[in-house]
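# Remarks on the overall topology
Take a look at the letters that make up each chain.
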Amino acid sequence: MALRKLIAGNWKMNGSLDGLSELDAIAEAAATHSAVDVAICPPATLIAVAVARQPGLAIGAQDCHSAATGAHTGCLSAQMLAEAGAKMAIVGHSERRTDNHESDAEVRAKAVAVINQGLTAIICVGESAAQRDAGDAVAVVTQQLDGSVPVEADGARIVIAYEPVWAIGTGRTPSTADVAEMHSAIRARLMALLGEGGAAVRILYGGSVKPSNATELMAVADVDGALVGGASLKAADFVPIIAAAASI
Ligand code: PGA
């Protein structure tokens, strides 16, 4: 079953009110290529204003706390993100797993909070360079899936982003054969974890996706879209990636 592709941009700690003008061309491309879903995850301070500027474009968050409210200074709950207009939230990005020492259990709790709020959870997984060199990439990602995916959830509310840590922001990407092997292993694991619901989960590839490699990456079996960092900041880079996904 071919799933609708999702091209999601992760602006990380980049972007400003001025930079929101990039959303205009991105929203136009999303409307033109209506067979593809498009989303932008700006810094949380820009979510509400991004939604107001382009109500037709899906806007998401880059993280969320697992609790609904409470004494968690500086954190945002899924409920708050939903109120700001977010339709999805990234959880367990490798930068948060590393910088904030987030465990699989924490990532799963965040995903549950996101889904319970009626949003889509983009759960990130991916191996380090050392783990791949040791031949452990599939085992590492399988273990992350086992720990991070809420098995009771509706598969349509879950998106997995496979992002090899060594490919993020480096300009390096795995071979299409390696992407195919990993995405097929992820699909098999999702079917084991979620049953038939595993077929509805979109599996994105992320890590140095750009206009020049998007077509070949999006054509790989079980690649249902992309999570794009650097190349999502400018419409001139992001729009061709949307078009590439639409052309498959
Ligand atoms: P990149 O980042 O596209 O800049 O490599 C991807 C990500 O971290 O989601």
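What this report covers is the structure whose coordinates are included nearby. Everything numeric here is computed off the predicted structure, so don't read it as measured data.

### Details of the overall build of the protein chain
In terms of regular secondary structure, the protein chain is built from 10 helices and eight strands. If you line up the protein chain on its principal axes, its C-alpha atoms span 45 × 45 × 35 Å. The burial tally for the protein chain puts 50% of its 248 residues in the buried class. Surface exposure of the protein chain reaches about 10400 Å², of which carbon and sulfur atoms provide 52%.

### A few points about the site of the ligand
Around the ligand, the surrounding shell holds 13 residues, and the nearest of these are K12, H93, E163, G169 and S208. Here an oxygen atom of the ligand sits 2.7 Å away from a polar atom, N or O, in the side chain of H93. Measuring from an oxygen atom of the ligand, one finds a backbone N or O atom of G169 at 2.6 Å. Considering the ligand on its own, with 280 Å² of exposed area, one finds that the protein chains cover 95% of that surface. In terms of residue class, the shell around the ligand is built from four nonpolar, seven polar and two charged.

### So, the packing of helix α7 (residues 137–148) against helix α8 (residues 176–194)
Two numbers describe a pair of packed helices, the interaxial angle and the distance between the axes. Interhelical geometry of α7 versus α8 gives an angle of 30° and a closest axis separation of 10 Å. Remark: the crossing between α7 and α8 carries right-handed chirality. Note on element contacts: α8 touches α7 through E181, M182, A185, I186, R189 and L193, opposite A137, V138, V141, T142, L145 and D146. For the contact of α7 with α8, the class distribution of residues is eight nonpolar, one polar and three charged.

### Structural notes on the side chain of Q54
Here Q54 shows up in the loop between α2 (47–53) and β3 (58–61). Not counting chain neighbours up to four residues away, the residues in contact with Q54 comprise L23, D24 and A27.

### Overview of the environment of I40
Here I40 lies in strand β2 (residues 37–41). Note: C-alpha distance between I40 and Q62 (22 residues apart in sequence) is 9.6 Å. Not counting chain neighbours up to four residues away, the residues in contact with I40 comprise G9, W11, L23, I26, L57, A58, I59, G60, S232 and F238.

### As for the packing of helix α9 (residues 211–218) against helix α10 (residues 235–247)
Two numbers describe how α9 lies on α10: the axes approach to 9 Å, and their chain directions differ by 20°. Considering their axes alone, α9 and α10 lie roughly parallel with respect to each other. In this structure, α9 meets α10 at a crossing whose hand is right-handed. Taking contact as the criterion, the partners of P211, A214, T215 and M218 in α9 are, on α10, D237, P240, I241, A244 and A245. Broken down by class, the residue content of the contact of α9 with α10 amounts to seven nonpolar, one polar and one charged.

The rules behind the values
- Residues numbered from 1 in each chain as written.
- Predicted model: local features only at pLDDT ≥ 70, side-chain atom pairs only at ≥ 80, totals over all residues.
- Heavy atoms only, no water.
- Helix = DSSP H or I, 4+ residues; strand = E, 2+ residues; numbered from the N terminus.
- Buried < 20%, exposed > 50% of the residue type's maximum accessible area, 1.4 Å probe, protein only.
- Areas by Shrake-Rupley, 256 points an atom, 1.4 Å probe, with all protein chains shown as cover.
- Near = heavy atom within 4 Å.
- Polar contact = N/O pair within 3.5 Å; in protein donor to acceptor, adjacent residues only side chain to side chain.
- Nonpolar A, V, L, I, M, F, W, Y, C, P; charged D, E, K, R; others polar.
- Axes fitted to C-alpha atoms, helices over the stretch in contact; angles between N-to-C directions.
- Left-handed = near helix turned anticlockwise from the far one by under 90°.
- Contact = heavy atoms within 4.5 Å.
- Parallel < 35°, antiparallel > 145°, perpendicular 65-115°, else oblique.

Keep in mind these numbers describe shape, not what the thing actually does.
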